Amino acid sequence: MCVHKRSSVYQNGDNEKRSFRTDRRHLERVRERIAGHLRATVDDAGANGVVVGMSGGIDSTLTATLAVEALGGDSVVGLGMPVHKTERPHAVEARTIAEGLGIEFHEIHLRPLLEAFEEAFTSRFESPADGTRPNERNRALGNAVARLRMLCAYYVSNRQSRLVLGTANRSELLLGYFTKFGDGGVDVNPIGDLYKTEVRALARRVGVPRRIVSKEPTAGFWAGQTDADELGVSYERVDPFLARVVDDCQPIDDAIDGLEIDRETASDVADLVVETAHKRSPPPTPGIDGRSDLGGRFDS
Ligand SMILES: NC(=O)c1ccc[n+]([C@@H]2O[C@H](COP(=O)([O-])OP(=O)(O)OC[C@H]3O[C@@H](n4cnc5c(N)ncnc54)[C@H](O)[C@@H]3O)[C@@H](O)[C@H]2O)c1
Ligand SMILES: Nc1ncnc2c1ncn2[C@@H]1O[C@H](COP(=O)(O)O)[C@@H](O)[C@H]1O
Ligand SMILES: O=P(O)(O)OP(=O)(O)O
């Protein structure tokens, strides 16, 4: 599981006192680094700008804000893609944010697309078990909605030569808490190196409204769904554990020392990181004649 060593995210040296760095200087460095990386990625691709799905949540609001800082408002297009009536306040929020950022914004209602998809296709896969396991059906439908959003974003990308911005943070990426080829189907993840705890600090720093920073994170697949309920642990509790176990390569028993996470939850989280590795890598090939390297890098 352990990927690499990194300890610069911490303020102090020992486990007990360490916390994520949220001081102004550090956050400004992170902000510049994200902007520089995004500019270089768009330049290298020869793209005209970026397109981003805006839900009214903290991750997409921060991502759109940083994109405007990096590229200018003229180079960013926001898409509001609500599917349920209950999303209305968040859709209004997304539009208000886009207006404040001065970016082009389009709202597309996905309900008709979803209904057509259900009628034409998913109805064939209904089963008697759906009644007893409604969340399984809801998850499949929620993932389908995430993929419809990806479809819309790539249409804009193709038509206007834009890169599709992902909004995933490091906590979500490590936990596999995203839809494969849905909200995970993107060209670049500007805030993908930041744990959710750090996302909150940076969002406050760049002026994301407090009501958005303090919203309960949710994938919105069903009414009342929250990340914390589904994952079984809040980001405040899981982030320091993830940083220790993944970034610092600490064994689980050492990593939980002094944290508010019990051994069982920690072990479940570690399993999730391992089990979702497939979501973070390109689809494997059998490697016939050593051909699993798909190129893209050449010696000059
Ligand atoms: N950021 C968010 O808040 C957000 C957004 C979208 C989804 N989510 C959450 O993410 C989850 C998405 O659901 P999911 O993970 O069941 O669906 P998924 O479609 O993202 O991933 C499951 C699919 O991955 C493939 N797969 C599974 N194991 C594999 C393996 N070992 N090797 C290769 N491929 C494999 C299979 O095709 C499987 O159907 C849900 O819990 C949802 O709530 C969160
Ligand atoms: N209603 C939405 N409109 C536009 N984009 C959306 C919407 N809901 C989700 N998204 C995009 O997907 C990611 C992940 O969503 P979660 O709400 O965290 O599941 C979000 O940041 C948007 O880019
Ligand atoms: O991805 P978002 O913007 O919807 O944020 P959250 O995951 O906190 O709901």
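All residue numbers here refer to positions counted from 1 along the written sequence of the relevant chain. Labels follow written order: the first chain is A, the first ligand is 1, and so on. It should be noted that, the model being predicted, local features are given only for residues of pLDDT at least 70 and side-chain atom pairs only at 80 or more, the latter also being counted only at that level, while totals for whole chains, interfaces and linings use all residues. Side-chain figures throughout are based on the complete set of non-hydrogen atoms in the structure, without hydrogens or water.

The chain goes by NH(3)-dependent NAD(+) synthetase in an unreviewed UniProt entry, where it is assigned to Natrarchaeobius chitinivorans. Recorded in UniProt for the chain, the comment headed Catalytic activity (unreviewed entry) runs: "deamido-NAD(+) + NH4(+) + ATP = AMP + diphosphate + NAD(+) + H(+)". Per its UniProt entry, the chain bears the Sequence similarities (unreviewed entry) comment "Belongs to the NAD synthetase family." UniProt positions are given in the numbering used here, feature names are shortened, and annotations may be inferred rather than shown by experiment.

1. Concerning the environment of arginine 237
Only runs of H or I of at least four residues qualify as helices and only runs of E of at least two qualify as strands under DSSP, and these elements are numbered from the N terminus. Tracing the backbone shows arginine 237 in helix α10 (residues 235-247). The class for arginine 237 is partly exposed, based on a relative accessible area of 40%. Separated by 43 residues in sequence, arginine 237 and leucine 194 place their C-alpha atoms 15 Å apart. Here, residues are in contact when the closest pair of their heavy atoms is within 4.5 Å. Look past the residues within four positions of arginine 237 in its chain and what remains in contact with it is Glu260 and Ile261. Exposure is judged per residue with a 1.4 Å probe applied to protein chains only, and the accessible area is read against the type maximum: over 50% gives exposed, under 20% gives buried, and values in between give partly exposed.

2. Topic: the environment of leucine 71
Mapped onto the fold, leucine 71 is located in helix α2 (residues 58-71). Separated by 57 residues in sequence, leucine 71 and proline 128 place their C-alpha atoms 51 Å apart. If we ignore the near neighbours within four places in the chain, the residues touching leucine 71 are Leu38, Arg39, Val42 and Val50.

3. Thoughts on a negative patch on the surface
Side chains of Asp262, Glu264, Asp268, Asp271 and Glu275 sit close together on the surface and give a patch of like negative charge. Inspection of the secondary structure puts glutamate 264 in helix α12 (residues 263-275). For glutamate 264, a relative accessible area of 61% corresponds to the exposed category. Two joining distances apply to patches: 9 Å for like charges and 5 Å for nonpolar side chains (Val, Leu, Ile, Met, Phe, Trp, Tyr), and every residue must have over 30% relative accessible area and no salt bridge. Only the protein chains shown count as cover for residues, and all accessible areas are computed by the Shrake-Rupley method using a 1.4 Å probe. One side-chain nitrogen of Lys or Arg within 4 Å of one carboxyl oxygen of Asp or Glu is enough to make a salt bridge. Working convention for charge: Lys and Arg count positive, Asp and Glu count negative, and His plus the chain ends are omitted. The location of each charge is read from NZ of Lys, CZ of Arg, CG of Asp or CD of Glu.

4. Topic: the side chain of arginine 200
For arginine 200, the location among the structural elements is in helix α7 (residues 196-206). For the purposes of these results, a polar contact is taken to be a pair of N or O atoms within 3.5 Å, where, inside protein, one atom must be able to donate a hydrogen and its partner to accept one; residues adjacent in sequence count only when each atom of the pair is a side-chain atom. Engagement of the side chain of arginine 200 in a polar contact is seen with the side chain of glutamate 236, the distance being 2.6 Å. Setting aside its immediate chain neighbours within four residues, arginine 200 contacts Ile58, Val213, Pro217, Tyr235 and Glu236.

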